[in-house]
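Read off the chains here:
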Amino acid sequence: FPVTIQRREILKKLPMAVHYRASILGGFALATAFEKGEPWLNAAVEKIGSNAKFLQNVLAAKIPSIKYAPPHSSYLAWLDCSALDLGDDPAKIFLEKGKVAFVAGHFYGETGRNFIRFNFATSEEIISNAIDRMVRSL
């Protein structure tokens, strides 16, 4: 539920542990999610699947040398930028030149070099903007 000013005042009166530990509010939220959250979950899963395909299509059209296999159960894409010859940390180049931030693949081990992690749990507009910034940085 949205946190209105009234609700925020009520929450301030509760013990501090309620704000950062499992609590009765968390229990109610969990029960409500199971009881009423299926339509939201279905819509979120559908949107993430749609975004994965959208990202695949935009990359194929604008930066076809980046290899990408859509994930089966995630909103994180691992983009192989090795064909772009940007070195071991393409995320650094995209940040400096394109002003778009990604998590560098090398943080996840040697096999992550030349990769970036792209979070596509967002709007198509933001995905498109990020890809356009990547293109400009090249």
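Since this is a predicted model, take the numbers as computed values, not measurements.

S.K.: Tell me about helix H6 (residues 124-137), and please be specific about residues and values.
M.R.: For H6, built from 14 residues, the straight-helix expectation of 20 Å at 1.5 Å per residue is met to within 8% by its first-to-last C-alpha distance of 20 Å. Its buried side turned inward, H6 meets helix H4 (38-62), strand S1 (76-80), helix H5 (90-98) and strand S3 (115-119).

S.K.: Describe H5, and please don't skip the residues or the numbers.
M.R.: For H5, every residue scored as buried is listed here: Pro 90, Ala 91, Ile 93, Phe 94 and Gly 98. For H5, the buried positions fall inside an angular range of 160° around the axis, keeping them on one side. Residues of H5 that are buried in the fold lie against strand S2 (103-104), S3 and H6. Lys 99, located one to two residues past H5, shows a positive phi value of around 55°.

S.K.: If you had to explain the nonpolar core to someone new, which residues and values would you point to?
M.R.: Leu 55, Leu 79, Phe 118, Ile 131 and Met 134 are the most contacted members of the largest nonpolar core, which totals 23 residues. Those elements giving two or more residues to this core turn out to be H4, S1, H5, S3 and H6. Ignoring any residue separated from it by four or fewer positions in sequence, one finds Met 134 in contact with Ile 63, Ile 66, Leu 79, Phe 94, Val 100, Phe 102, Ile 116 and Phe 118.

Parameters at a glance
- Along each chain, numbering runs from 1 in the same order as the chain's sequence is written.
- pLDDT decides what is reported in this predicted model: residues at 70 or higher carry local features, side-chain atom pairs at 80 or more are listed and counted, and totals for whole chains, interfaces and linings draw on all residues regardless.
- Values shown for side chains rest on all heavy atoms present in the structure; no hydrogens or waters enter the calculation.
- Note on conventions: DSSP H or I runs of at least 4 residues are helices, E runs of at least 2 residues are strands, and numbering of each starts at the N terminus.
- Each helix should span, by expectation, one fewer than its residue count multiplied by 1.5 Å.
- The contact criterion used throughout is that any non-hydrogen atoms of two residues lie within 4.5 Å.
- Three exposure classes are used, based on accessible area relative to the maximum for each residue type with a 1.4 Å probe and protein chains only: buried under 20%, partly exposed in between, and exposed over 50%.
- Directions from the helix axis toward the C-beta atoms define the arc.
- Nonpolar cores are built from buried Ala, Val, Leu, Ile, Met, Phe, Trp, Tyr and Cys residues. Side-chain atoms within 4.5 Å join them into one set.

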